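# Reading the structure
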Amino acid sequence: MYNEKSKEIIRVSLIGNPNTGKTTLFNKLTGNAQYVGNWPGVTVEKKEGYIRNSFFPIKVTDLPGVYSLSPFSPEEVITRNFILENKTDLVVNILDATNLERNLYLTMQVLELGKPVIVALNMCDILKRRGKIIDFCALEDLLGTPVVPISAAKNIGIDELKKKILEFKKNNKRKIFKYNQDVESKLSKIKDVLINANVKLANNRFILVKILEYDSLIISSLNLKLEDIKKIDEIRGNQNEIKYEEHITSERYKKSSGICKKSVSDVSDIQKAKISRKIDKIVTGKYTSMPIFLAIMFIIFYISFGPLGSFCHDIAEKVIDSGIKHPVEILLEQLKLNNVLSSFVIAIVTGVGEVFAFLPQILLLLGLLSVLEDSGYMARSAFIMDKIMRKIGLSGKAFVPLLMGFGCSVPAILSTRILNNEKEKKLTIFLIPFMSCGAKIPVYLVFLNALFPEKKALMMFSIYLLGILVAVLVSFFFRKIVKPKESPMIMELPDYKWPSIHNLYLHLWDQTKDFLEHVGITILGSSIVIWFLQSFDQNMRFIEDNSKSLLATLGNIIAPIFSFSGFANWKSSVALITGLFAKEAIISTMSIVYGADGMNLDEAIVSNFTKSSAISMIIFILLYPPCVSALAAFKREAGNLSSLLAFVLNTSIALILSAVIFNLVNLF
Ligand code: GDP
Ligand code: MG
């Protein structure tokens, strides 16, 4: 046996909850070099022994198992006094890794004792079987002290632990866990009292905390003078008001649970992460990401606006026709209402019905986008887009608001608040209206159904792409003026998962409610106004021919500005005006003003538009200012001047591009 008086002896003590494998580890470390006795005065077993190694003697003491270092049991008192009385150089805190959170509660206190600590995570063999993984490096960082995974029973990691014990002097730093401000300020006041009273352990955090908890054993062991005890009582304040012990206990639990959350994960999660990383190699790969992104977007458009989407629309249209429109017409005939009233009712039913028929198709598109979001792909798209976004002076983060713009500009504009760079935020807001919003879908479709039934999906895709392209150009232009600062892209990619039906249902139900509200209020309201304006002339006489109506007069004033774009007539003009209130109103307005000629919308478009003027009008609708709700959001987030500027900018771009493309198409 080694001589205890030897200078170079390292004294190690094992601390841990009962049944964490202390004795097993002790036996493994010491082999036969151990002896068993009792702690003085109590019948608690005392085991001591030596680690055999060729350097210098290491004496190990197996301390009694404890859950805490309070003064309530002899085991706890033995354990803490052993350390406080400076009978150890190094504490090995052994934890049951399968029960990390509960075990860390003791660790929080052990770290306060002020001795170097090595954390030995025992039972790692069981951990694996339970499908859990502990990130040892993370745990080491969080605790600020070395962590060694071991299995005492299976003899795993013991040599590594011995090595760490030998080099313990190198990593003699621990993390100090702070309590709340009130507790911390009391601790430092108590420390001042102890320093004044020349107490040796005045710097020991464990002692300070125990004094605040009113641990009578500790307080009496310090042999303080009466006046110092009075001072401490004053610092602690009224015991009935604040129970520091509970306070400190609950903070320790919070800390251990926080550390646990950050360092323990399920194997299944890790597997998911592994799979995600594999998928990402392709999905966010240098050459593959863009083609995949475009392909996914095209497939979504093809499903929504190709055969399946059209089928949904046709069914909805038939249901509305035979379920609402026809019964209403028959009813009106039987009631023999006067012309004014029956034309009113038919106009409203047609206007609102036209818009309604598009609900299934809109839900199809938004549903598919929501599935992409839920699966984790959307977050990737921001990531994929980052490089491109940087070229136009934005970061990938701005991609999310822009993407939301395809749904509705209002939440999209509000969501720019996630951008902390003011210039980037403003620029993004300017670009959002160019992302074709969901309300415009039915408008494009009535034109495409009538004139391009074969090429709907491709045309839709091109429309969206054009909006994006214009946004890019606008951004290029603005970037030269405002020069936004680059902000780094920090984004956590969630793991891929199967989209949940429940989320999909919630999302679609929300969209349906929004749609119904929108159609219910704005479309119905604007339909009524449009019907009124087209049914009366300046002298408030009811007229059959709407070309002499108030509406026609109004429309004719505006129409000339569209003369280069190919739709300079009063009917399109008023439809575009109502579109400023809600884009869907363009359809209801058109169906009302053309319906007065006895045509349904399809026929009306075929006979009133050429392919080129329809394309031109679609482009105008894509690019002209968003609806009033979006403008209001714009004004709130970007200010009066900016929203006015945007209004002028969007109108000009829409006019110019629609005119240019109208003439180009005509040319070829
Ligand atoms: P102590 O109360 O902390 O001294 O714990 P013991 O050393 O007496 O061990 C408690 C129980 O855990 C015993 O049945 C050991 O065999 C078992 N044990 C200790 N270490 C391990 C380990 O690494 N893996 C497994 N599976 N069991 C262990
Ligand atoms: Mg034991």
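What counts, and where the lines are drawn
Residues numbered from 1 in each chain as written. Chains lettered and ligands numbered in written order. Predicted model: local features only at pLDDT ≥ 70, side-chain atom pairs only at ≥ 80, totals over all residues. Heavy atoms only, no water. Helix = DSSP H or I, 4+ residues; strand = E, 2+ residues; numbered from the N terminus. Rg over C-alpha atoms; globule rule 2.2 N^0.38 Å. Buried < 20%, exposed > 50% of the residue type's maximum accessible area, 1.4 Å probe, protein only. Contact = heavy atoms within 4.5 Å. Areas by Shrake-Rupley, 256 points an atom, 1.4 Å probe, with all protein chains shown as cover. Lys, Arg positive; Asp, Glu negative; His and termini not counted. Charge placed at Lys NZ, Arg CZ, Asp CG, Glu CD. Salt bridge = Lys/Arg side-chain N within 4 Å of Asp/Glu carboxyl O. Patch = residues over 30% accessible without salt bridge, like charges linked within 9 Å, V, L, I, M, F, W, Y side chains within 5 Å. Near = heavy atom within 4 Å. Polar contact = N/O pair within 3.5 Å; in protein donor to acceptor, adjacent residues only side chain to side chain. Pairing = 2+ DSSP bridges. Axes fitted to C-alpha atoms, helices over the stretch in contact; angles between N-to-C directions. Core = buried A, V, L, I, M, F, W, Y, C linked by side-chain atoms within 4.5 Å. Phe/Tyr/Trp six-rings, centres within 6.5 Å; stacked < 30°, edge-to-face > 60°. Lys NZ or Arg CZ within 6 Å of the ring centre and 35° of its normal.

## Examining the overall build of the protein
- Scanning the protein from N- to C-terminus turns up 30 helices and nine strands.
- A globule of 668 residues ought to have a C-alpha radius of gyration of about 26 Å, yet the protein, at 38 Å, is considerably larger.
- Along the longest, intermediate and shortest principal axes, the C-alpha atoms of the protein span 115 × 55 × 55 Å.
- Split into buried and exposed, the 668 residues of the protein put 50% on the buried side.
- Excluding contacts between residues fewer than 6 apart, the proportion of contacts in the protein whose partners are at least 24 apart in sequence is 72%.
- Total accessible area computed for the protein in this model is approximately 32600 Å², and 62% of it derives from carbon and sulfur atoms.
- A gap of 8 Å separates the mean positions of the 77 positive and 61 negative side-chain charges of the protein.

## Focus: the pattern of salt bridges
- Under the defined criterion, the tally for this structure stands at 20 salt bridges.
- D233 is the partner of R236 in a salt bridge, and the nearest nitrogen-oxygen pair spans 3.9 Å. Taken together, the positions of R236 and D233, both in helix α10 (residues 226-236) and three residues apart, correspond to about one turn of that helix.
- Residue classification places R236 among the buried positions, given a relative accessible area of 3%.
- The partner of D386 in a salt bridge is R390, and the shortest N-O contact between them spans 3.1 Å. Here the residue D386 and the residue R390 both occupy positions in helix α17 (residues 377-391), the gap between them amounting to four residues, near one helical turn. The pair D386 / R390 is uniform in exposure class, with both members buried.

## Observations regarding a nonpolar patch on the surface
- Residues I656, V660, L664, L667 and F668 make up a contiguous nonpolar surface patch of roughly 590 Å² in combined accessible area.
- Summarising the element assignment, L667 is placed in helix α30 (residues 640-667).

## Notes on the site of ligand 1
- Near ligand 1 there are 15 residues, and of these N19, K22, T23, T24 and S151 occur at the shortest range.
- Residue K22 places a main-chain N or O atom 2.8 Å away from an oxygen atom belonging to ligand 1.
- Measuring from an oxygen atom of ligand 1, one finds a side-chain N or O atom of T24 at 2.5 Å.
- Computed on the free molecule, ligand 1 has an accessible area of 580 Å², of which 69% lies beneath the protein chains in the complex.
- Looking at the shell around ligand 1, the elements with two or more residues in it are α1 (22-30) and α4 (124-129).

## Quick look at the sheet that holds strand β8 (residues 147-149)
- Sheet architecture is open: seven strands sit in the order β2-β3-β4-β1-β5-β6-β8, paired in mixed fashion. With partners counted over all chains shown, the strands left at the sheet margins are β2 (34-38) and β8, one partner each. When the angles between neighbouring strand axes are averaged without regard to direction, this sheet yields 25°.
- In this sheet, strand β3 (residues 45-51) lies alongside β2 in antiparallel orientation, the contact comprising five bridges. Within β3, the position partnered with N38 by the bridge is E45.
- Relative to strand β1 (residues 10-16), helix α2 (residues 74-84) is tilted by about 150°, and along the sheet it contacts β1, β4 (58-62) and β5 (90-96).
- Strands in contact with helix α6 (residues 158-166) are β1, β3, β4, β5, β6 (117-122) and β8; relative to β6, the strand with the most contacts, it is inclined by about 175°.

## Structural notes on the nonpolar core
- With 105 residues, the main nonpolar core has F447, M460, L576, M590, I605, F609 and I621 as its most contacted residues.
- In terms of residue count, helix α22 (residues 456-482) provides more of this core than any other element does, ten residues in total.
- If sequence neighbours within four positions are ignored, L576 has contacts with F562, F567, I586, M617, F620, I621 and Y624.
- Among the nonpolar cores identified, the runner-up in size contains 55 residues, and L121, C124, L194 and I232 belong to it.

## Things to note about a positive patch on the surface
- Together, K274, R277, K278 and K281 make up a positively charged patch on the protein surface.
- Its place among the elements puts R277 in helix α12 (residues 267-283).
- Of the residues examined, R277 reaches a relative accessible area of 54% and is grouped as exposed.

## With respect to the packing of aromatic side chains
- Counting across every chain of the model gives 17 aromatic pairs.
- Note on Y105 and Y253: the rings are 4.2 Å apart at their centroids and 10° apart in plane angle, and the pair reads as stacked. Highlighted residues: Y105 in helix α3 (residues 100-112) and Y253 in helix α11 (residues 244-263), separated in sequence by 148 residues.
- Residue Y105 is classed as buried on the basis of its relative accessible area of 9%.
- The exposure class of Y253 is partly exposed, given its relative accessible area of 43%.
- Aromatic pair F406 and Y464: ring centres 5.5 Å apart, planes at 40°, arrangement tilted. Here the residue F406 occupies a position in the loop between α18 (399-404) and α19 (409-414), and Y464 occupies one in helix α22, the gap between them amounting to 58 residues. The residues F406 and Y464 share a single accessibility class, namely buried.
- These aromatic residues form a ring-pair network of at least three members: F430, F477, F478 and F634.
- Positioned above the aromatic ring of W39, the side-chain terminus of K46 is 4.8 Å from the ring centre.

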